[in-house]
Amino acid sequence: MNEVEVKILGINRKTVEQRLKKLGAKKLFDGISHSLFYDYEDEQLRKLKQTLRLRQEGKTATLTFKQNIRNGPARVFKEHKIVVSDFAAAKALLESLGCTPWWVMKKHRTMYRFKDCIVQIDKHLDAHRFI
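Chains are numbered independently. Their residues run from 1 in the order of the written sequence. At least 70 in pLDDT is required for a residue's local features to be given in this predicted model, at least 80 for side-chain atom pairs to be given and counted, and no such filter applies to totals for whole chains, interfaces and linings, which use all residues. With hydrogens and water set aside, each side-chain value is computed from the structure's full complement of heavy atoms.

### Quick look at the packing of aromatic side chains
Move 1: Between the rings of Phe, Tyr and Trp (Trp by its six-membered ring), a pair exists once the centres lie within 6.5 Å; its type follows the angle of the planes, with under 30 degrees stacked, over 60 edge-to-face, and the other angles tilted. What the rule picks out here adds up to two aromatic pairs.
Move 2: Where Trp102 meets Trp103, the ring centres are 6.1 Å apart and the plane angle is 40 degrees; that geometry is what we call tilted.
Move 3: The cut-offs for exposure are 20% and 50% of the maximum accessible area for each residue type, with area from a 1.4 Å probe on protein chains only; residues under the lower value are buried, those over the upper are exposed, and the others partly exposed. In this structure Trp103 comes out as partly exposed when scored by relative accessible area, which is 25%.
Move 4: Taken together, the aromatic side chains of Phe37, Trp102 and Trp103 make up a single cluster linked through ring pairs.
Move 5: One residue, Arg46, lies across the ring of Trp102, its end atom 4.0 Å from the ring centre.
Move 6: Only when the NZ atom of a Lys or the CZ atom of an Arg is both within 6 Å of the ring centre and within 35 degrees of the ring normal do we say a charge sits over the ring. When the ring centre of Phe77 is taken as origin, the NZ or CZ atom of Lys66, which lies over that ring, is 4.9 Å away.

### Regarding the pairing of strand β5 (residues 75-84)
Move 1: Any two strands are treated as partners once DSSP identifies two or more bridges connecting them. By definition, any uninterrupted DSSP run of H or I lasting at least four residues is a helix, any uninterrupted run of E lasting at least two residues is a strand, and each is numbered from the N terminus. Pairing of strand β1 (residues 2-5) with β5 involves four bridges; the strand directions are antiparallel. Of the residues in β5, the one forming a bridge with Glu5 is Arg75.
Move 2: Hairpin connection of strand β4 (residues 60-70) to β5: four residues between the antiparallel strands, including Gly72 at a positive phi of 145 degrees.

### Considerations on the nonpolar core
Move 1: The criterion is simple. A nonpolar core is a set of buried Ala, Val, Leu, Ile, Met, Phe, Trp, Tyr and Cys residues joined through side-chain atoms within 4.5 Å. Grouped together as the largest cluster of nonpolar side chains are 13 residues, with contacts concentrated most on Tyr38, Leu52, Leu54, Leu63, Val84 and Leu94.
Move 2: For this core, the elements supplying multiple residues, two or more each, are β2 (26-39), β3 (50-57), β4 and α3 (87-96).
Move 3: In terms of residues, this core owes the most to one element, α3, which gives three residues.
Move 4: Setting aside its immediate chain neighbours within four residues, Leu63 contacts Leu52, Arg53, Leu54, His80, Lys81, Ile82, Val84 and Leu94. We call two residues contacting when some pair of their heavy atoms lies within 4.5 Å.

### Section: the pattern of salt bridges
Move 1: Definition used for salt bridges: Asp or Glu carboxyl oxygen within 4 Å of a side-chain nitrogen of Lys or Arg. Taken as a whole, this structure holds 13 salt bridges when the rule is applied.
Move 2: A salt bridge links Asp30 to Lys27, with the nearest nitrogen and oxygen atoms 3.8 Å apart.
Move 3: The partner of Glu79 in a salt bridge is Lys66, and the shortest N-O contact between them spans 3.8 Å. Here the residue Glu79 occupies a position in strand β5, and Lys66 occupies one in strand β4, the gap between them amounting to 13 residues. For the residue pair Glu79 and Lys66, the accessibility class agrees, reading buried in each case.
Move 4: Through salt bridges with shared partners, a single ionic network connects Arg55, Glu57, Lys107, Arg109 and Asp122.

### Notes on the environment of Ala88
Move 1: Counting through the fold element by element, Ala88 comes out in helix α3.
Move 2: Sequence spacing of Ala88 and Leu54 is 34 residues, and the spatial spacing of their C-alpha atoms is 9.8 Å.

### Notes on α3
Move 1: Taken as a whole, α3 has its buried residues at Phe87, Ala90 and Leu94. All buried residues of α3 fall inside an arc of 65 degrees around its axis, so they share one side. Projecting away from the buried face of α3 at angles above 90 degrees are the exposed residues Ala88 and Ser96.
Move 2: The inward-facing, buried residues of α3 abut β2, β3, β4 and β5.
Move 3: N or O atoms closer than or at 3.5 Å make up a polar contact, with two conditions inside protein: a donor-capable atom paired with an acceptor-capable one, and, for residues adjacent in sequence, both atoms drawn from side chains. Capping the start of α3, Asp86 holds a side-chain oxygen 3.0 Å from the backbone nitrogen of Ala88, two or three residues further along. What the arc describes is the spread of directions from the helix axis to the C-beta atoms.

Pasting the structure below:
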């Protein structure tokens, strides 16, 4: 599946949420999103503009692999995503395959579905590079 991503910074969160609700958007998630980004020691994924991410949102954990197709105001990725039943087990599996986390990100995320689009409103809580 291809993902088209557009980031809009500096929004008024309350106003955007009110408009989404008025348009009939359905709230899908409101909580903490914890993401670990993985790569090999030689950084082969990042060199190829690829992303391997393990994310926990509420009780749902997902493993996602993205290949960057196009940069610009709208970034396009080829995306493969699976739901995993156990975040810790998926983390252990990735690390046993030689992948190491290089970036961690925590944010408060509110997610809506509007027609065929997913709208995510994020507030970053923490992001840092692993040493």
